[in-house]
Amino acid sequence: MSISENLIQIKNSIPQEVTLVAVSKTKPVSDILQAYQAGQRHFGENKIQEMTEKYEQMPQDIFWHMIGHVQTNKVKYMAAYVHLIHGVDSFKLLAEINKQAQKNNRVINCLLQVFIAQEETKFGLDANELNEILNSEALKSLKNINIVGLMGMASFTDNIAQIQEEFSTLNQLYLKHKNSTTFNINFKHLSMGMSGDYQIAIACGSNMIRIGSTIFGTR
Ligand SMILES: *Cc1c(COP(=O)(O)O)cnc(C)c1O
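Description of the structure in this document. (Residues numbered from 1 in each chain as written. Predicted model: local features only at pLDDT ≥ 70, side-chain atom pairs only at ≥ 80, totals over all residues. Heavy atoms only, no water.)

It is worth spelling out the pairing of strand β7 (residues 185-191) at this point. Among the seven residues that make up β7, five are buried, leaving the element largely enclosed by the rest of the structure. This β-α-β element, strand β6 (residues 145-153) to helix α6 (residues 160-178) to β7, shows right-handed connectivity. (Buried < 20%, exposed > 50% of the residue type's maximum accessible area, 1.4 Å probe, protein only. Helix = DSSP H or I, 4+ residues; strand = E, 2+ residues; numbered from the N terminus. Right-handed = clockwise from strand over helix to strand, strands pointing away.)

The subject of this paragraph is the packing of helix α5 (residues 127-134) against α6. Helix-helix packing is characterised by the crossing angle of the two axes and by the distance between the axes. Viewed as axis vectors pointing N to C, α5 and α6 meet at an angle of 20 degrees, and their least axial separation amounts to 12 Å. Judged by the angle between their axes, α5 and α6 are roughly parallel. The hand of the α5/α6 crossing is right-handed. Contacts between α5 and α6 pair A127, L130, N131 and L134 from the former with L173, K176 and H177 from the latter. Looking at the contact of α5 with α6 residue by residue, the classes come out as four nonpolar, two polar and one charged. (Axes fitted to C-alpha atoms, helices over the stretch in contact; angles between N-to-C directions. Parallel < 35°, antiparallel > 145°, perpendicular 65-115°, else oblique. Left-handed = near helix turned anticlockwise from the far one by under 90°. Contact = heavy atoms within 4.5 Å. Nonpolar A, V, L, I, M, F, W, Y, C, P; charged D, E, K, R; others polar.)

Turning our eyes to something else, we now look at the environment of N131. With respect to the secondary-structure elements, N131 resides in helix α5. Sequence separation between N131 and H177 is 46 residues; the distance between their C-alpha atoms is 8.7 Å. Here N131 is in contact with K176 and H177, once residues within four sequence places are set aside.

Let us look at the environment of T19. Here T19 lies in strand β1 (residues 19-23). Along the chain, T19 and S191 lie 172 residues apart, while their C-alpha atoms are 8.9 Å from each other. Ignoring sequence-local partners within four residues, the contact set of T19 consists of H42, N207, M208 and I209.

All right, on to the nonpolar core then. Of all hydrophobic cores here, the largest spans 63 residues; its most connected members are L94, L112 and L150. Looking at this core element by element, the count peaks at five residues for α6. Setting aside anything within four residues of it in sequence, one finds L94 in contact with V88, C110, L112, I133, L139, L142, I145 and I147. L111, V148, M151 and M208 belong to the second-largest nonpolar core, a separate cluster that totals six residues. (Core = buried A, V, L, I, M, F, W, Y, C linked by side-chain atoms within 4.5 Å.)

Per the counting criterion, the structure on display carries three aromatic pairs. A centroid spacing of 3.9 Å and a plane angle of 10 degrees characterise the contact between Y55 and Y81, whose relative ring orientation is stacked. Remark: Y81 occurs in the loop between β3 (63-66) and β4 (84-88) and Y55 occurs in helix α3 (residues 48-57); sequence separation between them is 26 residues. With relative accessibility at 24%, the residue Y55 sits in the partly exposed group. A relative accessible area of 11% means that Y81 is categorised as buried. (Phe/Tyr/Trp six-rings, centres within 6.5 Å; stacked < 30°, edge-to-face > 60°.)

With the rule as written, the count across this model stands at four salt bridges. Where E50 meets K54, a salt bridge forms, and the shortest distance between an N and an O atom there is 2.7 Å. Here K54 and E50 lie together in helix α3, a separation of four residues that amounts to about one turn. As far as burial versus exposure is concerned, E50 and K54 are alike and both buried. Residues E137 and K140 are paired through a salt bridge, measuring 3.1 Å at the closest nitrogen-oxygen approach. (Salt bridge = Lys/Arg side-chain N within 4 Å of Asp/Glu carboxyl O.)

Time to look at the site of the ligand. Taken together, the residues surrounding the ligand are V23, K25, I67, M151, M153, M194, S195, R210, I211, G212, S213 and R219. Taking G212, its main chain carries an N or O atom lying 2.8 Å from an oxygen atom of the ligand. R219 places a side-chain nitrogen or oxygen 2.8 Å from an oxygen atom of the ligand. In the complex, the protein chains occlude 89% of the 390 Å² of accessible area that the ligand would expose alone. Residue assignment for the shell around the ligand shows that the elements contributing at least two residues are β6 and β8 (208-211). A per-class count over the shell around the ligand returns six nonpolar, three polar and three charged. (Near = heavy atom within 4 Å. Polar contact = N/O pair within 3.5 Å; in protein donor to acceptor, adjacent residues only side chain to side chain. Areas by Shrake-Rupley, 256 points an atom, 1.4 Å probe, with all protein chains shown as cover.)

Here it is, written out as C-alpha coordinates:
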(Lines give C-alpha, C1' and ligand atoms only; values in the text may rest on other atoms or scores of the structure.)
Protein backbone atom coordinates (compact mmCIF):
# COMPACT_ATOMS: atom_id res chain seq x y z
CA MET A 1 0.00 0.00 0.00
CA SER A 2 1.07 3.58 -0.60
CA ILE A 3 1.95 6.10 2.10
CA SER A 4 -1.32 7.95 1.58
CA GLU A 5 -3.34 4.73 1.76
CA ASN A 6 -1.57 3.79 4.99
CA LEU A 7 -2.35 7.20 6.42
CA ILE A 8 -6.00 7.03 5.49
CA GLN A 9 -6.33 3.58 6.99
CA ILE A 10 -4.86 4.71 10.31
CA LYS A 11 -6.94 7.90 10.37
CA ASN A 12 -10.08 5.87 9.81
CA SER A 13 -9.20 3.58 12.71
CA ILE A 14 -8.67 6.26 15.38
CA PRO A 15 -10.99 8.77 17.05
CA GLN A 16 -10.99 12.24 15.53
CA GLU A 17 -9.63 13.88 18.66
CA VAL A 18 -6.45 11.80 18.57
CA THR A 19 -3.56 13.64 16.91
CA LEU A 20 -1.54 11.49 14.54
CA VAL A 21 2.16 12.35 14.43
CA ALA A 22 3.74 10.76 11.37
CA VAL A 23 7.23 9.66 12.39
CA SER A 24 9.42 10.28 9.34
CA LYS A 25 12.87 9.66 10.84
CA THR A 26 15.36 8.17 8.34
CA LYS A 27 12.80 8.63 5.52
CA PRO A 28 13.46 10.95 2.55
CA VAL A 29 11.71 14.23 1.91
CA SER A 30 9.91 12.63 -1.05
CA ASP A 31 8.11 10.29 1.38
CA ILE A 32 7.19 13.17 3.68
CA LEU A 33 5.80 15.07 0.69
CA GLN A 34 3.52 12.17 -0.17
CA ALA A 35 2.13 12.21 3.35
CA TYR A 36 1.84 15.99 3.20
CA GLN A 37 -0.12 15.81 -0.03
CA ALA A 38 -2.47 13.35 1.65
CA GLY A 39 -3.20 16.06 4.23
CA GLN A 40 -0.77 15.11 7.00
CA ARG A 41 0.70 18.12 8.85
CA HIS A 42 2.24 16.72 12.06
CA PHE A 43 5.61 15.03 11.60
CA GLY A 44 7.99 13.58 14.16
CA GLU A 45 11.77 13.22 14.02
CA ASN A 46 14.26 12.02 16.59
CA LYS A 47 17.44 13.79 15.44
CA ILE A 48 17.65 17.56 15.48
CA GLN A 49 19.95 17.91 12.48
CA GLU A 50 17.81 15.64 10.31
CA MET A 51 14.64 17.45 11.39
CA THR A 52 16.17 20.85 10.62
CA GLU A 53 17.25 19.78 7.14
CA LYS A 54 13.74 18.53 6.43
CA TYR A 55 12.17 21.63 7.94
CA GLU A 56 14.17 23.75 5.52
CA GLN A 57 13.06 21.72 2.51
CA MET A 58 9.42 21.17 3.35
CA PRO A 59 6.35 23.44 3.25
CA GLN A 60 6.20 25.91 6.12
CA ASP A 61 2.81 24.89 7.51
CA ILE A 62 4.15 21.62 8.93
CA PHE A 63 4.18 21.08 12.70
CA TRP A 64 7.53 19.52 13.63
CA HIS A 65 7.64 17.27 16.68
CA MET A 66 10.94 16.32 18.31
CA ILE A 67 10.29 12.85 19.68
CA GLY A 68 13.84 11.74 20.45
CA HIS A 69 16.13 12.29 23.38
CA VAL A 70 17.36 15.90 23.34
CA GLN A 71 20.85 16.98 24.28
CA THR A 72 20.97 20.36 25.96
CA ASN A 73 23.57 21.76 23.56
CA LYS A 74 21.40 21.02 20.51
CA VAL A 75 18.21 22.80 21.58
CA LYS A 76 19.29 26.01 19.86
CA TYR A 77 19.11 24.39 16.41
CA MET A 78 15.38 23.75 16.60
CA ALA A 79 14.22 26.53 18.90
CA ALA A 80 13.11 28.78 16.06
CA TYR A 81 10.56 26.41 14.63
CA VAL A 82 9.88 23.25 16.68
CA HIS A 83 6.19 22.77 17.50
CA LEU A 84 6.41 20.29 20.38
CA ILE A 85 9.31 18.61 22.18
CA HIS A 86 8.15 15.22 23.49
CA GLY A 87 11.19 13.91 25.32
CA VAL A 88 11.87 16.43 28.09
CA ASP A 89 13.26 14.54 31.07
CA SER A 90 15.07 17.06 33.27
CA PHE A 91 14.68 20.54 34.69
CA LYS A 92 18.04 21.45 33.18
CA LEU A 93 16.69 20.70 29.71
CA LEU A 94 13.52 22.71 30.40
CA ALA A 95 15.67 25.66 31.45
CA GLU A 96 17.70 25.46 28.25
CA ILE A 97 14.57 25.21 26.10
CA ASN A 98 13.23 28.28 27.93
CA LYS A 99 16.44 30.19 27.25
CA GLN A 100 16.46 29.36 23.55
CA ALA A 101 12.74 30.05 23.22
CA GLN A 102 13.29 33.46 24.78
CA LYS A 103 16.03 34.23 22.25
CA ASN A 104 13.57 33.41 19.49
CA ASN A 105 10.79 35.38 21.08
CA ARG A 106 8.48 32.43 21.38
CA VAL A 107 6.96 29.95 23.79
CA ILE A 108 7.93 26.33 23.15
CA ASN A 109 5.52 23.50 23.96
CA CYS A 110 7.01 20.59 25.88
CA LEU A 111 5.92 17.17 27.08
CA LEU A 112 7.60 15.60 30.07
CA GLN A 113 8.73 12.08 29.31
CA VAL A 114 7.88 9.53 31.96
CA PHE A 115 9.59 6.17 32.29
CA ILE A 116 6.92 3.46 32.33
CA ALA A 117 8.64 0.45 30.73
CA GLN A 118 10.28 -2.55 32.39
CA GLU A 119 13.44 -1.89 30.42
CA GLU A 120 16.79 -0.33 31.16
CA THR A 121 17.07 1.52 27.88
CA LYS A 122 14.22 4.02 27.87
CA PHE A 123 14.62 7.59 29.06
CA GLY A 124 12.27 9.43 31.33
CA LEU A 125 11.28 10.66 34.75
CA ASP A 126 9.72 8.58 37.49
CA ALA A 127 6.55 9.73 39.27
CA ASN A 128 8.49 11.49 42.03
CA GLU A 129 10.79 13.35 39.68
CA LEU A 130 7.76 14.42 37.65
CA ASN A 131 6.10 15.75 40.81
CA GLU A 132 9.23 17.59 41.79
CA ILE A 133 9.56 19.39 38.47
CA LEU A 134 5.89 20.33 38.23
CA ASN A 135 5.84 21.67 41.79
CA SER A 136 9.21 23.35 41.78
CA GLU A 137 9.50 27.03 42.59
CA ALA A 138 12.12 27.40 39.83
CA LEU A 139 9.61 26.36 37.16
CA LYS A 140 7.70 29.58 37.76
CA SER A 141 10.55 31.61 36.30
CA LEU A 142 10.41 29.81 32.94
CA LYS A 143 8.12 32.14 31.01
CA ASN A 144 8.91 30.80 27.54
CA ILE A 145 7.93 27.19 27.92
CA ASN A 146 4.51 25.58 28.14
CA ILE A 147 4.29 22.06 29.55
CA VAL A 148 1.34 20.65 27.65
CA GLY A 149 1.35 17.05 28.84
CA LEU A 150 3.21 13.79 29.14
CA MET A 151 4.89 11.28 26.85
CA GLY A 152 5.87 7.68 27.42
CA MET A 153 6.87 4.45 25.72
CA ALA A 154 5.70 1.03 26.78
CA SER A 155 7.95 -2.00 26.96
CA PHE A 156 8.72 -3.73 23.69
CA THR A 157 6.81 -6.93 24.42
CA ASP A 158 3.95 -9.13 23.19
CA ASN A 159 2.45 -9.08 26.67
CA ILE A 160 -0.64 -6.94 26.11
CA ALA A 161 -1.56 -6.87 29.79
CA GLN A 162 1.82 -5.41 30.62
CA ILE A 163 1.53 -2.75 27.92
CA GLN A 164 -1.94 -1.86 29.19
CA GLU A 165 -0.65 -1.55 32.71
CA GLU A 166 2.19 0.74 31.66
CA PHE A 167 -0.04 3.00 29.57
CA SER A 168 -2.65 3.11 32.34
CA THR A 169 0.01 4.18 34.82
CA LEU A 170 0.93 7.07 32.56
CA ASN A 171 -2.70 8.01 32.04
CA GLN A 172 -3.22 8.16 35.79
CA LEU A 173 -0.27 10.52 36.17
CA TYR A 174 -1.62 12.60 33.31
CA LEU A 175 -5.06 12.88 34.89
CA LYS A 176 -3.57 13.66 38.27
CA HIS A 177 -1.62 16.64 36.98
CA LYS A 178 -4.20 17.80 34.45
CA ASN A 179 -5.92 19.83 37.14
CA SER A 180 -2.84 21.65 38.39
CA THR A 181 -2.86 24.27 35.67
CA THR A 182 -0.57 27.29 35.94
CA PHE A 183 0.58 29.82 33.35
CA ASN A 184 3.17 27.33 32.03
CA ILE A 185 1.53 24.02 32.89
CA ASN A 186 -1.47 23.29 30.68
CA PHE A 187 -1.97 19.59 30.18
CA LYS A 188 -3.83 18.67 27.01
CA HIS A 189 -1.67 16.03 25.27
CA LEU A 190 -0.95 12.49 26.35
CA SER A 191 1.57 11.19 23.80
CA MET A 192 1.69 7.41 23.87
CA GLY A 193 1.37 4.70 21.26
CA MET A 194 3.48 3.67 18.28
CA SER A 195 2.88 1.35 15.31
CA GLY A 196 2.76 -1.78 17.43
CA ASP A 197 0.67 -0.56 20.33
CA TYR A 198 -1.33 2.54 19.40
CA GLN A 199 -4.74 0.90 19.70
CA ILE A 200 -3.93 -0.17 23.24
CA ALA A 201 -2.60 3.30 23.98
CA ILE A 202 -5.78 5.00 22.76
CA ALA A 203 -7.90 2.62 24.83
CA CYS A 204 -5.77 3.68 27.82
CA GLY A 205 -6.36 7.41 27.25
CA SER A 206 -3.80 8.52 24.67
CA ASN A 207 -4.74 11.48 22.50
CA MET A 208 -1.50 11.73 20.52
CA ILE A 209 0.10 8.78 18.75
CA ARG A 210 3.48 8.61 17.04
CA ILE A 211 3.42 6.27 14.06
CA GLY A 212 6.36 5.56 11.77
CA SER A 213 6.68 2.16 10.14
CA THR A 214 2.95 1.58 9.61
CA ILE A 215 2.88 4.72 7.45
CA PHE A 216 6.29 4.80 5.79
CA GLY A 217 7.34 1.13 5.90
CA THR A 218 10.12 -0.49 7.87
CA ARG A 219 13.28 1.46 8.52
C1 LIG B 1 10.61 5.73 16.08
C2 LIG B 1 9.69 6.20 17.12
C3 LIG B 1 8.30 6.05 17.00
C4 LIG B 1 7.63 5.38 15.82
O5 LIG B 1 7.87 4.01 15.86
P6 LIG B 1 7.13 3.00 14.84
O7 LIG B 1 7.19 1.70 15.56
O8 LIG B 1 7.89 3.02 13.58
O9 LIG B 1 5.74 3.48 14.67
C10 LIG B 1 7.50 6.57 18.00
N11 LIG B 1 8.02 7.17 19.09
C12 LIG B 1 9.36 7.33 19.25
C13 LIG B 1 9.85 8.01 20.47
C14 LIG B 1 10.23 6.83 18.28
O15 LIG B 1 11.55 6.99 18.47
